[in-house]
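Single-letter residue listing:
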Amino acid sequence: MNLPRIDIDLGKIAHNTRRLKKLYGSQDINIIGVTKVIAGNPIIADILVKNGIEILADSRISNIIKMRKAGIRAQYLLLRTPALSQVEEVVIHAHISLNSELAVLKKLSEYALRNHMIHKVVLMVELGDLREGIMPSEMNAIVKEVLNLDGLALIGIGTNLACFGGISPDADKMNELSSIAIRLEEKFKITLAMVSGGNSANYNWFTSSKNTGRINSLRLGESIFLGREALCRRPIPGLFTDIFTLLAEVIEAKRKPSQPYGEVYQNANGDIPRFKNKGLMNRAVLAIGTQDVMVSGITPKQKITVLGASSDHLLIDNGKTSLKVGDTVAFDLNYSALLRVFNTPCIAKNTINQYECESIL
Ligand SMILES: *Cc1c(COP(=O)(O)O)cnc(C)c1O
């Protein structure tokens, strides 16, 4: 089997999807499956759809096109506010988009009309994380304009927290979003079918709230794929946290000093590295590097230590573990590491457990 590669347990993805659907469904919150961390991988997207996900969301239109071309049938939602230069592609390939700019909404309307389509839009509200979103005080004015744009259907509002500013989607923030939804519905005599409260960081709010208000949608990536909430990165009970395993091969294993010797200048990454002298060390070199994976986001499954990496080599302190040339070393990955792995063609994508889905559900 090819190395380096990532093993993807499809049965566990099916399990996490169903569990989360049931959990959030208990309060009538619908789950949108976010595919950006798996770069719109159609085999994985298919598992989400087969386990009850009706809307697939991605930040990149190219990933949406990939899934649609592969024949994965779902409603497709573009997460990142469309770029003006991509508006026509967005109208053609995405059924729904999240929006915060009137100039973009006007162009979406123009291209929707030109292509005889109705494009669904969700307006994002800024609630303090300071990434995308319309300031609450400007919502009325924008909604008024959007309702007059032909070719667009305003289906809801949403917010995104815990992404840039690390702001918690707590009860105050969710109550604020609910109030804005209720206020807009009353003022404009409309129904907002979707009130999308956030992402995997909303788990703590959900489990501690008796009343989830008007929030009826969450957009989940990390919880499905890593089995964790995204505020403190704690595992969610009953979910698998080990769906993905990165595997790389040992290409050198030797006993060498722990400290580089000679005059110290910049290394391949432009850093001037410092190492403690721990005497002789059993070291290994693996055939994977910074061009394949974000090294700070991987954790070995064995008792060994990652010393660092250059573009194509990963350096390991073997500790008491014996590693020899040809051995395979396995790693867990965090969200950022996973994102990079799925976006490089250099790492083989290997699905496992596809036929045992039923047995573990
Ligand atoms: C990435 C993203 C999500 C999903 O976030 P997770 O933490 O992976 O659940 C949801 N909404 C938006 C707007 C995003 O960009």
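Thresholds applied
Residues numbered from 1 in each chain as written. Predicted model: local features only at pLDDT ≥ 70, side-chain atom pairs only at ≥ 80, totals over all residues. Heavy atoms only, no water. Helix = DSSP H or I, 4+ residues; strand = E, 2+ residues; numbered from the N terminus. Expected span 1.5 Å × (residues − 1). Buried < 20%, exposed > 50% of the residue type's maximum accessible area, 1.4 Å probe, protein only. Contact = heavy atoms within 4.5 Å. Polar contact = N/O pair within 3.5 Å; in protein donor to acceptor, adjacent residues only side chain to side chain. Core = buried A, V, L, I, M, F, W, Y, C linked by side-chain atoms within 4.5 Å. Domains from an automatic or database assignment. Near = heavy atom within 4 Å. Areas by Shrake-Rupley, 256 points an atom, 1.4 Å probe, with all protein chains shown as cover. Nonpolar A, V, L, I, M, F, W, Y, C, P; charged D, E, K, R; others polar. Buried area = accessible area lost by both parts, 1.4 Å probe. Salt bridge = Lys/Arg side-chain N within 4 Å of Asp/Glu carboxyl O. Pairing = 2+ DSSP bridges. Phe/Tyr/Trp six-rings, centres within 6.5 Å; stacked < 30°, edge-to-face > 60°. Lys NZ or Arg CZ within 6 Å of the ring centre and 35° of its normal. Disulfide = S-S within 2.5 Å. Axes fitted to C-alpha atoms, helices over the stretch in contact; angles between N-to-C directions. Parallel < 35°, antiparallel > 145°, perpendicular 65-115°, else oblique.

(A) Representation of helix α5 (residues 102–114) in the model. With 13 residues, α5 should reach 18 Å at 1.5 Å per residue; the first-to-last C-alpha distance of 18 Å fits that figure. Within the span of α5, buried status applies to Leu 102, Val 104, Leu 105, Leu 108, Ser 109, Tyr 111 and Ala 112. Considering only its buried residues, α5 is in contact with α4 (87–93), β5 (96–99), β6 (119–124), α6 (139–147) and β7 (152–158). Of the residues one or two after α5, His 116 is the one with positive phi, at around 55°.

(B) Main features of the environment of Asn 148. With respect to the helices and strands, the residue Asn 148 is situated in the loop between α6 and β7. When the C-alpha positions of Asn 148 and Lys 106 are compared, they lie 10.0 Å apart, and in sequence the two are 42 residues distant. Polar contacts involving the side chain of Asn 148 include one to the main-chain carbonyl oxygen of Lys 144, which spans 3.3 Å.

(C) Structural context of the nonpolar core. Counting residues in each nonpolar core, the largest one holds 95 residues, and the members touching the most others are Ile 13, Leu 105, Leu 123, Ile 157 and Phe 244. Each of domain 1 (10–226) and domain 2 (244–351) contributes no fewer than three residues to this core. Within the second largest apolar cluster, 12 residues are counted, among which are Val 34, Ala 57, Ile 96 and Met 194.

(D) Local environment of the site of the ligand. Every one of the 13 residues lining the ligand counts as a neighbour, but Lys 36, Ser 200, Arg 219, Gly 221 and Glu 222 are closest to it. Side-chain polar atom of Ser 200 to an oxygen atom of the ligand: 2.5 Å apart, as the coordinates give it. The separation between a nitrogen atom of the ligand and a polar side-chain atom of Arg 219 is 2.9 Å. For the ligand, the accessible surface in isolation is 380 Å², of which the surrounding protein chains cover 95%. Looking at the shell around the ligand residue by residue, the classes come out as four nonpolar, four polar and five charged.

(E) Seen up close, the domain arrangement of the chain. Here the chain is described as being made up of domain 1 (10–226) and domain 2 (244–351). Using C-alpha coordinates to define each centre, domain 1 is positioned 37 Å away from domain 2. Domain 1 puts 12 residues into the contact, and the matching count from domain 2 is nine residues. Note on domain 1 versus domain 2: buried area summed over both sides is about 970 Å², and carbon and sulfur give 75% of it. Joining domain 1 to domain 2, the criterion identifies zero salt bridges.

(F) Structural view of the pairing of strand β9 (residues 217–220). The alternating pattern of β9 places Ser 217 and Arg 219 on one face and Leu 218 and Leu 220 on the opposite face, and all of these are buried. With four bridges connecting them, strand β2 (residues 30–34) and β9 associate as parallel partners. Note that in β9 the partner of Ile 31 across the bridge is Leu 218.

(G) The packing of aromatic side chains, seen in detail. A full pass over the atoms with the stated rule returns four aromatic pairs. In textbook terms, an aromatic cluster arises when at least three aromatic residues are bridged by ring pairs, as seen for Tyr 24, Trp 205 and Phe 206. The ring of Phe 188 is capped by Lys 187, whose NZ or CZ atom sits 5.6 Å from the centre of that ring.

(H) How the structure looks around the state of the cysteines. On inspection of all chains with the given rule, the structure shows zero disulfides. The closest cysteine sulfur to the non-disulfide-bonded Cys 163 is located on Cys 232, 15 Å from its own sulfur.

(I) Main features of the packing of α5 against α6. At a closest axis distance of 11 Å, the pairing of α5 and α6 adopts a crossing angle of 10°. The pairing of α5 with α6 is recorded here as roughly parallel in orientation. Contacts from Leu 102, Leu 105 and Lys 106 of α5 reach α6 at Ile 142, Glu 145 and Val 146.

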